Amino acid sequence: MTQDGLKQAVAQAAVDYIQPKLELESIVGVGTGSTANYFIDRLALIKHLFDGAVASSEATAERLKSHGLPVYDLNSIDGVSVYVDGADETDRQLCLIKGGGAALTREKIVAACADEFICIVDESKRVDVLGQFPLPVEVIPMARSHVARELVKLGGDPEYRMGVVTDNGHEILDVHNLSIIDPVDLEAKINQIAGVVTNGLFAARRADVLLLGTSTGVEKRVL
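It should be emphasised that the depicted structure is a prediction, and the values quoted were computed from it without experimental measurement.

**Things to note about the packing of helix H2 (residues 34-43) against helix H3 (residues 58-66)**
- At a closest axis distance of 9 Å, the pairing of H2 and H3 adopts a crossing angle of 25°. One element, H2, and the other, H3, form an angle in the roughly parallel class. H3 is crossed by H2, and the crossing has right-handed handedness. Here Asn37, Ile40 and Asp41 of H2 come into contact with H3, specifically with Thr60, Arg63 and Leu64.
- A class-by-class count of the residues in the contact of H2 with H3 yields 2 nonpolar, 2 polar and 2 charged.

Structural data, given as structure tokens:
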């Protein structure tokens, strides 16, 4: 099966997984990226079963609206029943690297508000140790050089993602050459650097469920 085929399979598996849990008042949090887009397209087929969605990016909001799905501001609702999103990497403890699509801050906020976080990925995203994919760090523009110097002290090799401005008006540093043995600790250390908005480690709030698309079918792993 192609990589796109695996993404479509896990997107459908996510819809199948959440459908029995949905109620008319349920709010579904939706992530950003190609796998999340497949999920949106399938979620729209059951939009009559729940109230609406919260989007982790402007692009996701537009795709949801194009399917006639109500999109709510997070401040206008009490909570998120379930959050479904992809990832750039996942380890066996369901810690993630996210942010390849530059939506990491809003993704982390929605994940923090969700009762359940479901990560959907194909098998190419599974690693034993996080860090093969460069770790995105969202920074306030005036602090970019300062943050980069501090990231070097932590053993990383930061690279400015040229031409990218997040939905929040910030910039992205991609940190190469990290071997992330303790994701929770590193997530906290990076977030303590002045000028960092957040980083793409989802370890303090990792996924609750991983749906992994493989050549032999979709595997489910639970935290």
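On we go.
**Let's talk about the environment of Glu23**
- Within the element layout of this structure, Glu23 appears in the loop between helix H1 (3-18) and strand E1 (27-30).
- Judged by relative accessible area, Glu23 falls into the partly exposed class, the value being 45%.
- Along the primary structure Glu23 and Ser81 are separated by 58 residues, whereas in three dimensions their C-alpha atoms are 9.3 Å apart.

**Concerning the sheet that holds strand E3 (residues 82-85)**
- With respect to topology, 6 strands assemble into an open sheet ordered E2-E1-E3-E6-E12-E13, the strand pairing being mixed. Two strands close off the open sheet at either side, each with one partner strand: strand E2 (52-55) and strand E13 (217-222). Pairs of neighbouring strands in the sheet enclose a mean axial angle of 20°, with direction left out of account.
- One ladder, built from 4 bridges, connects E1 with E2; its direction is parallel. Looking across to E2, one finds that Val30 is bridged to Ala55.
- Most of the contacts of H1 go to strand E6 (residues 117-122), to which it runs at about 160°, and overall it touches E3, E6, strand E12 (209-214) and E13.
- Relative to the sheet, helix H4 (residues 104-113) contacts E1, E2, E3 and E6, its axis offset from that of E3 by approximately 145°.

**A word on the domain arrangement of the chain**
- Assigned domains within the chain: domain 1 (3-127 + 204-216) and domain 2 (135-200).
- Facing the 17 residues of domain 1 at the interface are 18 residues of domain 2.
- Summed over the shared surface of domain 1 and domain 2, the number is 1 salt bridge.
- For Glu187, the salt bridge goes to Lys108, with nearest N and O atoms at 2.9 Å.

Rules and cut-offs
- Residues numbered from 1 in each chain as written.
- Predicted model: local features only at pLDDT ≥ 70, side-chain atom pairs only at ≥ 80, totals over all residues.
- Heavy atoms only, no water.
- Axes fitted to C-alpha atoms, helices over the stretch in contact; angles between N-to-C directions.
- Helix = DSSP H or I, 4+ residues; strand = E, 2+ residues; numbered from the N terminus.
- Parallel < 35°, antiparallel > 145°, perpendicular 65-115°, else oblique.
- Left-handed = near helix turned anticlockwise from the far one by under 90°.
- Contact = heavy atoms within 4.5 Å.
- Nonpolar A, V, L, I, M, F, W, Y, C, P; charged D, E, K, R; others polar.
- Buried < 20%, exposed > 50% of the residue type's maximum accessible area, 1.4 Å probe, protein only.
- Pairing = 2+ DSSP bridges.
- Domains from an automatic or database assignment.
- Salt bridge = Lys/Arg side-chain N within 4 Å of Asp/Glu carboxyl O.

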